[in-house]
Amino acid sequence: MRRLILASAGAGKSRLLVGEAIEKANAGSSVLLLTYTENNQKELLKKICLENGCKPANITIKGWFTFLLEDMIRPYQRCIFPERIEGVNFNSKNPHKTSKGKNIPGTAERVYGEYNPIHYLKKGSNKVHTINIAKLASRIIKESKSKPIFRLAEIFDAIYIDEVQDLVGYDFEVLKAINKSTCEDFVCVGDFRQTVYATSIASKAPKNNAEKFQAFKDIGFQDEHLSVSWRCIQSICDFSDLVHAEEGHYLPTSSKVNEIPDKFSNHVGVFSVHSDDLTEYINKYNPVILRLNRSTQMEVCKDRSSFNFGEAKGLGFDRVLVISTEKHRKFISGDFAVFNDDKTEKARNTFYVAITRARYSIAFVYYGVETCSQVEQWIND
């Protein structure tokens, strides 16, 4: 089966992955679990050990780059590059472009009809650039007549990819190739609303959520929805659903939080807090503070538990206070189209991430006389 599981924030997708992996492993199948971040690899291993007592020998956990290098590239790399590729060179920017965005001469993919090592490999180290690692994997799959895919199917019966929203560009060429393998199960799990990171600086589609959804559909994946939250109360789920409502890909999120501890029951839901009342609010409720970056409201955040929006991904807190951006304030005032003209989806997605970190209450700082019509206004009493 080829399944794309669309999970809400706090839906327990890792629990789902771990449960299915253990069940298949105990039935004798060989299972490969892939994910992008190192932290998530550790989290999957931890949950498997908690659930099963130990990691079964027939479950393999790898990072996406490690998988591409060890399973797609190295076994058949001689069809393109004869010398063993040593490892991975992580790119924070495109190494083949100048600071002004112009192509650097001599870095094209092919030179005189041959594959150009400089395009894929760092000079002097023979390490593959992360920006082109999936591209190289796709080229090797093609040049070797899909031998890496045949090899993969001989080793693993089931393949699961977590945090699939982080994949872009040539990653999807690899997904297409795996889809054609004889692996019994190929499952991708993620929440595209939480796309904050990406495996590379993609110039090739798919890059945005709409393109990724279409790509999965074209490959042949069947959508499944895990539209629940074990973290957030229903009012926070409802508010978070508004952020991507116009995209039309997601079902309403249903909260599975059935009880609220007494110590939090006096202040639950989604609020706005005027900047003049900020100190009083923080002292009364002691929320975790989420902000755009470390230079945002430094004095307020000093000596308090605070995270940048991207850093908070994967975490959950009882109470959250968001040092809101101008677009956040427009949104809570009813302007749901405020993110529509953005060049990327990062601002919209980090807003969703910030909202869905909160279990029982979330508040947004506002200034001046904004109406904040979509949330309850907190008044210091």
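Quick note: structure is the one above.
Figured I'd write up the structure that's included with this text.

Parameters at a glance
Sequence positions are assigned chain by chain, starting from 1 and proceeding in written order. Under the rules for a predicted model, residues below a pLDDT of 70 receive no local features and side-chain atom pairs below 80 are neither given nor counted, while totals for whole chains, interfaces and linings still include all residues. For side-chain calculations, the full set of non-hydrogen atoms in the structure is used, while hydrogens and water are omitted. A run of DSSP states H or I qualifies as a helix once it reaches four residues; a run of E qualifies as a strand once it reaches two. Both are numbered from the N-terminal end. The globule rule used here is 2.2 Å times the number of residues to the 0.38 power, and the radius of gyration it is set against is calculated over C-alpha atoms. Whether two residues touch is decided by their heavy atoms; if any such pair falls within 4.5 Å, the residues are in contact. Method for areas: the Shrake-Rupley scheme with a 1.4 Å probe, in which residue coverage is limited to the protein chains shown. In this tally Asp and Glu are treated as negative and Lys and Arg as positive; neither His nor the chain ends contributes. Charge positions are represented by NZ for Lys, CZ for Arg, CG for Asp and CD for Glu. Partly exposed residues are those whose accessible area sits between 20% and 50% of the maximum for their type, while under 20% is buried and over 50% is exposed, using a 1.4 Å probe and protein chains only. Side-chain atoms within 4.5 Å link the members of a nonpolar core, which is a set of buried Ala, Val, Leu, Ile, Met, Phe, Trp, Tyr and Cys residues. Two strands pair under a simple rule: DSSP has to find at least two bridges between them. Note on definitions: angles span 0 to 180 degrees between N-to-C directions of axes, and those axes are lines fitted to C-alpha atoms, for helices only across the stretch in contact. Here a polar contact is recorded for every N or O atom pair within 3.5 Å, except that within protein the pair must consist of a potential hydrogen donor and a potential acceptor, and residues adjacent in sequence are included only if both atoms are side-chain atoms. Think of it this way: a Phe, Tyr or Trp ring, Trp meaning its six-membered ring, pairs with another when their centres are within 6.5 Å, and the plane angle makes it stacked under 30 degrees, edge-to-face over 60, tilted otherwise. By definition, a salt bridge exists where a carboxyl oxygen of Asp or Glu is found within 4 Å of a side-chain nitrogen of Lys or Arg.

To continue, consider the overall build of the protein. Helix and strand content of the protein: 13 helices and 18 strands. For 381 residues, the compact-globule formula gives about 21 Å, and the C-alpha radius of gyration of the protein, at 23 Å, lands near that figure. In terms of overall dimensions, the protein has C-alpha extents of about 70 × 55 × 40 Å along its principal axes. Expressed as a percentage of contacts within the protein between residues at least 6 apart in sequence, the contacts between residues at least 24 apart total 77%. For the protein, the exposed area adds up to about 18,300 Å²; of that, 48% sits on carbon and sulfur atoms. Of the charged side chains in the protein, 52 are positive and 47 negative; the average position of the first set lies 8 Å away from that of the second.

With that out of the way, let us pick up helix α13 (residues 346–355). Extensive coverage of α13 is indicated by the burial of eight of its ten residues. Looking only at α13, the buried set comprises R348, N349, T350, F351, Y352, V353, A354 and I355. On its buried face, α13 sits against α8 (209–219), α9 (234–241), β14 (288–291), β16 (317–322), α12 (326–332) and β17 (358–366).

Right, let's get into the nonpolar core. Within the largest apolar cluster, 49 residues are counted, with the highest numbers of intra-cluster contacts made by W64, F67, I159 and I161. Ranked by the residues each element gives to this core, the list is headed by helix α3 (residues 64–73), at seven residues. With residues near it in sequence (within four places) discarded, I159 still touches L32, L34, L152, I178, C183, D185, F186 and V187. If you look at the next biggest cluster of nonpolar residues, it comprises 29 residues, including C237, A312, I332 and A358.

This part covers the environment of T98. Assignment of secondary structure puts T98 in the loop between β4 (87–89) and β5 (110–111). With 219 residues separating them in the primary sequence, T98 and F317 have C-alpha atoms 42 Å apart.

All right, on to the sheet that holds strand β8 (residues 158–161) then. Ordered by their spatial adjacency, six strands build an open sheet running β3-β2-β8-β9-β1-β10, and the pairing between neighbours is parallel. Strands with a single pairing partner mark the edges of an open sheet, and in this sheet they are β3 (59–63) and β10 (222–226). If you compare each strand with its neighbour and ignore which way they point, the axes differ by 20° on average. Here four bridges tie strand β2 (residues 31–35) to β8, and the two strands are oriented parallel to one another. Along β8, the bridge assignment pairs L33 with Y160.

This part covers the pairing of β16. Counting buried residues in β16 gives five out of six residues, a clear majority hidden from the surface. Two strands pair when backbone bridges link them, and β14 and β16 are joined in this way by three bridges, in the parallel orientation. In the strand pairing of β16, I289 is matched with L321. Pairing of β16 with β17 involves five bridges; the strand directions are parallel. Residue F317 lies in a different strand from β17, and its bridge partner there is A358.

The topology assignment puts N89 in strand β4. In this structure the C-alpha to C-alpha distance between N89 and V322, which are 233 residues apart in sequence, comes to 35 Å. Ignoring any residue separated from it by four or fewer positions in sequence, one finds N89 in contact with K122, K127, V128, H129 and T130. Among the polar contacts listed, one links the side chain of N89 to the side chain of H129, at a separation of 3.0 Å.

Turning next to the packing of aromatic side chains. With the rule as written, the count across this model stands at 23 aromatic pairs. On the basis of an interplanar angle of 90° and a centroid distance of 5.8 Å, the ring pair of Y36 and F65 is categorised as edge-to-face. Here the residue Y36 occupies a position in the loop between β2 and α2 (38–52), and F65 occupies one in helix α3, the gap between them amounting to 29 residues. What makes F65 buried here is its relative accessible area of 9%. Between W64 and F67, the aromatic rings sit 5.4 Å apart at their centres with planes inclined by 35°, giving tilted as the arrangement.

A word on the pattern of salt bridges. Within this structure, the stated rule accounts for 22 salt bridges. In this structure, R193 engages D241 in a salt bridge whose closest nitrogen and oxygen atoms are separated by 3.8 Å. Placement of R193 in the loop between β9 (185–190) and α8 and of D241 in helix α9 is noted, with a sequence separation of 48 residues between them. The same class applies to R193 and to D241, which are both buried. In this structure, D342 and K327 form a salt bridge, with 2.2 Å as the shortest nitrogen-oxygen distance. Taken as a pair, D342 in the loop between α12 and α13 and K327 in helix α12 lie far apart in primary sequence, 15 residues in all.

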